[in-house]
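Topology and contacts: notes
Below, each chain spelled out in residue letters.
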Amino acid sequence: MSSHQNEAVVIAIAGASASGKSLIAQTIYRKLRKDFSSQEIGVISEDRYYRDQTHLPMEERVLTNYDHPNAMEHELLVKHLTALKAGHAVELPNYSYTEHTRMAETTEFKPKKVIILEGILLLNVPELRELMHTSVFMDTPLDICLIRRLKRDVAERGRSMESVLAQYQATVRPMFMQFIEPSKQYADIIVPRGGKNVIAIDLLTARIRQFLKN
Ligand SMILES: Nc1ncnc2c1ncn2[C@@H]1O[C@H](COP(=O)(O)OP(=O)(O)O)[C@@H](O)[C@H]1O
Ligand SMILES: O=c1ccn([C@@H]2O[C@H](COP(=O)(O)O)[C@@H](O)[C@H]2O)c(=O)[nH]1
């Protein structure tokens, strides 16, 4: 892990789908935004970097293994983080879970002092690990993740209960065992239970606050 003076500090939060990565990232972000501007801190989700599949019909898009590292354009994420650390703005892709592909529009993201990065496979990629200052793994039990994913994906991602359960058995659980769980070894901090772990939130917020003050 590396850090140079004045370079953006990247705090990465990894872990299973629905382990609470997004919730903890947003909670920390909101707490810090009371004292710091959006020019100083921002959040990037790895999900934005799912590959563009606009050339494929929907019947084929639903067959993609979205839990395998090949589903993500990690090269682009590495390129974007490197550019941000060098002080350049980037155009973040926007991904649609219902369309299973990227949207035409992108979102401008300007350089920040601190970037919170969250996603399932971040700790699997050596080039990404090199860009992280601190890495966190959300160690929420898988049965709890499944219950939370089921509720979330039906309510927010246009899924049926049957499709969530079929995908869980076919790819989500096996890929967790193969890629995500082993990547825990690269984490500096392991957070049990999920996105509402108050002590973990307070500790991470305090640490990031130090970077923002400098
Ligand atoms: N500790 C918790 N208690 C209750 N619900 C939680 C907790 N952590 C996360 N959730 C909920 O579980 C769902 C999945 O969390 P999310 O942060 O989206 O996971 P991830 O980003 O890891 O996929 C969300 O609806 C979130 O509000
Ligand atoms: O088109 C898609 C893209 C992704 N997924 C699933 O999303 C999760 C990762 O997102 P979390 O926010 O961490 O849950 C991953 O497990 C994929 O299975 C999808 O279903 N469809």
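Predicted model only: the values in this text are computed from it and were never measured. (Residues numbered from 1 in each chain as written. Chains lettered and ligands numbered in written order. Predicted model: local features only at pLDDT ≥ 70, side-chain atom pairs only at ≥ 80, totals over all residues. Heavy atoms only, no water.)

Points about the overall build of the protein
Rules: A run of DSSP states H or I qualifies as a helix once it reaches four residues; a run of E qualifies as a strand once it reaches two. Both are numbered from the N-terminal end. The globule rule used for comparison is 2.2 Å times the number of residues to the exponent 0.38, while the radius of gyration itself is calculated over C-alpha atoms. Relative accessibility under 20% of the residue-type maximum defines a buried residue, over 50% an exposed one, and the middle range a partly exposed one, all with a 1.4 Å probe and only protein chains included. The criterion used for residue contact is that any of the two residues' heavy atoms lie within 4.5 Å. Using a 1.4 Å probe, the Shrake-Rupley method yields the accessible areas, and only the shown protein chains count as cover for residues.
Helix and strand content of the protein: seven helices and seven strands. Each helix (α) and strand (β) of the protein, taken in turn from the N terminus, gives the series β-α-β-α-α-β-β-β-α-β-α-α-β-α. Computed over the C-alpha atoms, the radius of gyration of the protein is 17 Å, within 12% of the 17 Å expected from 2.2 N^0.38 for a compact globule of 214 residues. Taken over the C-alpha atoms alone, the protein extends approximately 50 × 35 × 30 Å along its principal axes. Taken across its 214 residues, the protein has 49% of its residues classed as buried. A separation threshold of at least 6 residues defines the contact pool for the protein, and within that pool the share at least 24 residues apart is 77%. Counting only carbon and sulfur atoms, one obtains 53% of the accessible surface of the protein, whose full area is about 10800 Å².

Thoughts on the nonpolar core
The condition is simple: Nonpolar core, defined: a set of buried Ala, Val, Leu, Ile, Met, Phe, Trp, Tyr and Cys residues in which side-chain atoms within 4.5 Å join the residues together.
Within the largest apolar cluster, 41 residues are counted, with the highest numbers of intra-cluster contacts made by Ile44, Leu81 and Leu128. Those elements that provide at least two residues to this core are strand E1 (9-15), helix H3 (74-85), strand E3 (90-96), strand E5 (114-118), helix H5 (142-156) and helix H6 (161-180). In this structure leucine 81 touches Val10, Ile44, Leu117, Leu128 and Leu131, once residues within four positions along its chain are discounted. Counting 21 residues, the second largest nonpolar core, distinct from the first, contains Val191, Leu204, Ile208 and Phe211.

Re the UniProt feature "domain: Phosphoribulokinase/uridine kinase" (unreviewed entry) in the protein
Keep this limit in mind: UniProt positions are given in the numbering used here, feature names are shortened, and annotations may be inferred rather than shown by experiment.
Mapped onto this numbering, the UniProt entry gives "domain: Phosphoribulokinase/uridine kinase" (unreviewed entry) at residues 10-199. Helix makes up 36% of residues 10-199 and strand 22%. Its end C-alpha atoms lie 21 Å apart.

Examining unusual backbone geometry
Positioned with a positive phi, histidine 100 is a non-glycine residue whose angle comes to about 55 degrees. Using a relative accessible area of 10% as the deciding quantity, one classes histidine 100 as buried. The phi torsion at arginine 193 lies on the positive side, around 80 degrees, for a residue other than glycine. Structurally, arginine 193 is set in the loop between strand E7 (189-192) and helix H7 (198-213). Residue classification places arginine 193 among the exposed positions, given a relative accessible area of 55%.

Digging into the pattern of salt bridges
Convention followed: Basic side-chain nitrogens of Lys or Arg form a salt bridge, by our definition, when they fall within 4 Å of a carboxyl oxygen of Asp or Glu.
Applying the stated criterion to the full structure yields 13 salt bridges. Here lysine 31 and aspartate 202 are joined by a salt bridge, their closest N and O atoms 3.5 Å apart. Separated by 171 residues along the polypeptide, lysine 31 in helix H1 (residues 21-32) and aspartate 202 in helix H7 bring together distant segments of the chain. A salt bridge links aspartate 153 to arginine 149; the nearest nitrogen and oxygen atoms lie 3.1 Å apart. Here aspartate 153 pairs with arginine 149, and both are found in helix H5, just four residues apart, close to one helical turn. For the pair formed by aspartate 153 and arginine 149, the shared burial category is buried. A network of salt bridges, in which partner residues are shared, links Asp47, Arg149, Arg152, Asp153 and Arg157.

Some remarks on the site of ligand 2
The cut-off we apply is this: One heavy atom within 4 Å of a molecule or strand is enough for the residue carrying it to be called near that molecule or strand. Two N or O atoms form a polar contact when they lie within 3.5 Å of each other; inside protein one atom must be a possible hydrogen donor and the other a possible acceptor, and for residues adjacent in sequence the pair counts only when both atoms belong to side chains.
As a matter of local geometry, ligand 2 sits amid 17 residues, with Ser17, Asp67, Tyr95, Arg149 and Arg152 nearest to it. Interatomic distance of 2.9 Å between a side-chain N/O atom of lysine 21 and an oxygen atom of ligand 2. A distance of 3.0 Å separates an oxygen atom of ligand 2 from a polar atom in the side chain of aspartate 47. Protein chains shield 98% of the accessible area of ligand 2, which is 470 Å² for the free molecule.

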